Amino acid sequence: MVGEGMKQAFRKNIFRTIKKSIGRYMAIFAIIALGVGFFAGLKVSKPAMMETGQEYLKQQQFYDYRLISTWGFTEEEAAEIGRLEGVQAAEGAVWEDFLAVMEDGSESCLKALSITEGVNKLSLEAGRLPEKPNECVLDDVYYPESMIDREILVSSGNSQETIDAFAYESYTVTGLVRTPLYLNKERGTTSIGNGKIESFVFIPLEGFSFEYLKEVYVQTTAEGEAFSGQYETEIEERTDSFTEAAKSVLKDRYQTEIADAETELKDARQELSEKVAEAQQELLDAEQELQDAEAELTDGEAKIQDAKAELAEAEALLEEKEQELTQGETALAEGEAQYQQGLAEYQSGYAQYEAGFAELESNRSSHQQAKAGLEQIKAAYAQQLGAALDTPEGAAMLESLLSQDENYQMLTASIAAFETAQATLTGTFVRLEGARQQLEESAVELAGAREELEEGKDRLGEARAELNKGKRELEENQKTLEEGWEEYREGLAEYEEGKRELEEETRDAEIEIEEAQQELADVKEPELMVLDRSSNSGYAGYENDVSIVEGVARIFPIFFFLIAALVCSTTMTRMVDDERTQIGTFRALGYSEGA
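All of these numbers come straight from a predicted model, not from anything done at the bench.

A. Representation of the pairing of strand β4 (residues 107-114). Along β4, seven of the eight residues are buried, which leaves the element largely enclosed by surrounding structure. Bridge analysis of strand β3 (residues 95-101) against β4 gives seven bridges, and the strand direction is antiparallel. Each residue of the ladder has a partner; that of glutamate 96, found in β4, is alanine 112. Here β4 runs beside strand β9 (residues 199-203); their pairing, made up of five bridges, is parallel.

So, in structure tokens, the structure goes:
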């Protein structure tokens, strides 16, 4: 047996050994404490992460269902979905992937999402939320606060469809946010740019230009906490009934639009029938008008030919009258020449008459003297004869005496010459008076002929003017007729073209209606996809991360405990080796192995 004193010495030796190797014992303690700490920390990580995630998603009102339809959604449909049983809130949203140009000229591939107020609330980290449709907020994870008040542009390198999806060309950044839609740093993939979405941007719904909403986010009245089995069970139980209810909402629009489309097709057929009938009637009217125009033009051609014939006859008659006028002018000129010649002859004869008359007047006194001398001679012879003069013999004697008297004969000859000259002048005067009267009559006739000729000229001038006017009118009518024929040909071509176009348009319209009818027959009811939270990569990733932490909490501490056990075993083995001599001494003194 070992005495009390020996035990006391043994304990003292043990404490001395521990004191000498305090570092080894502290290392063993630290390793064991570290393993216990890791074990405790990892064990509480999952509940802490679950609680944090649940609180965040509840606070941000994260969706329970994400609805996507092949027909999209209207605002009314989104509101109607919000009134379905078991739905707490529902809100429509749109999105578009696009290439954005920053103020520094760099280009980024972003996903633009519409801001929702009742579901998937944004967490403002800096700045303010948009108040105008051309404002936006950026991803707090990838952008600094210096981006606030800057502009981002919709790149012209986007497709036209993408550009048309936005209501504005640029948007002003008002703040930085986080969203429950992205619980990790992954922002997804896209078909534009390099295929990877770099970040997100939230824009008011009014900042987009879509006819329909692309999706509807729904928050139900499920009571289970996120990531819990109760929640998943509730959602799974609700999904089928909710899907059917949501489909009925879309089916109403499907039925309405199908009915409207059928009505439009019916109206289109009716309208086509009416338009074809109207066009055919117009073509018939046009054909009748063309026939009337052709008849009128043919009649016009006949009239023009008649007018040409009349003008030809009138021109021939006018040329004949002009020939007659020319002949009349020639005859008038000859008559005037003859008149002038007769006038000259009259004037010359009258001058000779005046000269003879003057000479006769100058010889009249001699004639009177001769007559007086003759009477004297005759009286002297009568006196000689006396009473015998009254007898025949006395008269014969007187005649004999007188014939023998030279003075008497000379005076008789002088008197006879004077009287002859006087008779000649008288004849000349009578002849000149006749010539004068003839000349006056000729002058009157010539004046009348001149006046008649001038009147004929005037009439011919007027006739020529009328003829020329008729020719101009004929030319104008001919031109009008040609224009009429041209218009007729154009109208005929237009008629043929219109007829052809009517046939083509009718055929095309009928084909379009048939295609529309076929498309309507091929239209399928809108397909509705109801996605729960598990389809969100951030949510699924977060849940997966929690599960990984839980797995690590189960496995990782074991390694620490094994390492601690190994360290302890190694340390104890080395301590035994170091104290082997002392242990032997204690064993020699009677200490047992368990001492």
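Having seen the model, we can carry on.
B. Spotlight on the pattern of salt bridges. Taken as a whole and judged by the stated rule, the model has 15 salt bridges. Between glutamate 234 and arginine 238 there is a salt bridge, with the nearest N and O atoms lying 4.0 Å from each other. A residue pair is termed a helical-turn pair when its members lie 3 or 4 positions apart in one helix, as glutamate 234 and arginine 238 do in helix α5 (residues 229-385) at four residues. Among the residues examined, glutamate 234 registers a relative accessible area of 16% and is labelled buried. The partner of glutamate 504 in a salt bridge is arginine 500, and the shortest N-O contact between them spans 2.5 Å. In this pair, glutamate 504 and arginine 500 both sit in helix α7 (residues 406-522), four residues apart, roughly one turn of the helix. The exposure class of glutamate 504 is partly exposed, given its relative accessible area of 29%. Where salt bridges share partners, they join Glu77, Arg253 and Glu257 into one cluster.

C. Structural detail: unusual backbone geometry. With a phi angle near 55 degrees, glutamine 61 is a residue other than glycine that sits in the positive phi range. Located in the positive-phi region is phenylalanine 227, a residue other than glycine, with phi close to 75 degrees. By secondary structure assignment, the location of phenylalanine 227 is in the loop between β10 (213-220) and α5.

D. Up close: the sheet that holds β10. What the four strands build is an open sheet, ordered β2-β10-β1-β11; its pairing is antiparallel. In the strand order of this sheet, the two ends are held by β2 (87-93) and β11 (528-532), each with one partner. For this sheet the average axis-to-axis angle between neighbouring strands, irrespective of direction, equals 20 degrees. Where strand β1 (residues 65-73) lies against β10, five bridges are found, and the strand directions are antiparallel. In the strand pairing of β10, leucine 67 is matched with valine 216. In this fold helix α3 (residues 75-82) packs onto β1, β2 and β10, with an angle of close to 165 degrees to the strand it touches most, β2.

E. Spotlight on the nonpolar core. In terms of nonpolar packing, the biggest core is built from 62 residues, with Leu67, Phe166, Val201 and Phe242 touching the most fellow members. Per element, the largest residue contribution to this core is six residues, and it comes from α5. Every residue in contact with valine 201, bar those within four places of it in the chain, is listed here: Phe98, Leu110, Lys111, Ala112, Leu113, Cys136, Val137, Leu138 and Ile152. One finds Ile258, Leu272, Ile513 and Leu520 within the second-largest nonpolar core, a separate group that totals eight residues.

F. Focus on the side chain of glutamate 77. One can find glutamate 77 in helix α3. Glutamate 77 has contacts with Gly72, Val249, Leu250 and Arg253, leaving out every residue within four places of it along the chain.

Parameters and conventions
Residues numbered from 1 in each chain as written. Predicted model: local features only at pLDDT ≥ 70, side-chain atom pairs only at ≥ 80, totals over all residues. Heavy atoms only, no water. Buried < 20%, exposed > 50% of the residue type's maximum accessible area, 1.4 Å probe, protein only. Helix = DSSP H or I, 4+ residues; strand = E, 2+ residues; numbered from the N terminus. Pairing = 2+ DSSP bridges. Salt bridge = Lys/Arg side-chain N within 4 Å of Asp/Glu carboxyl O. Axes fitted to C-alpha atoms, helices over the stretch in contact; angles between N-to-C directions. Contact = heavy atoms within 4.5 Å. Core = buried A, V, L, I, M, F, W, Y, C linked by side-chain atoms within 4.5 Å.

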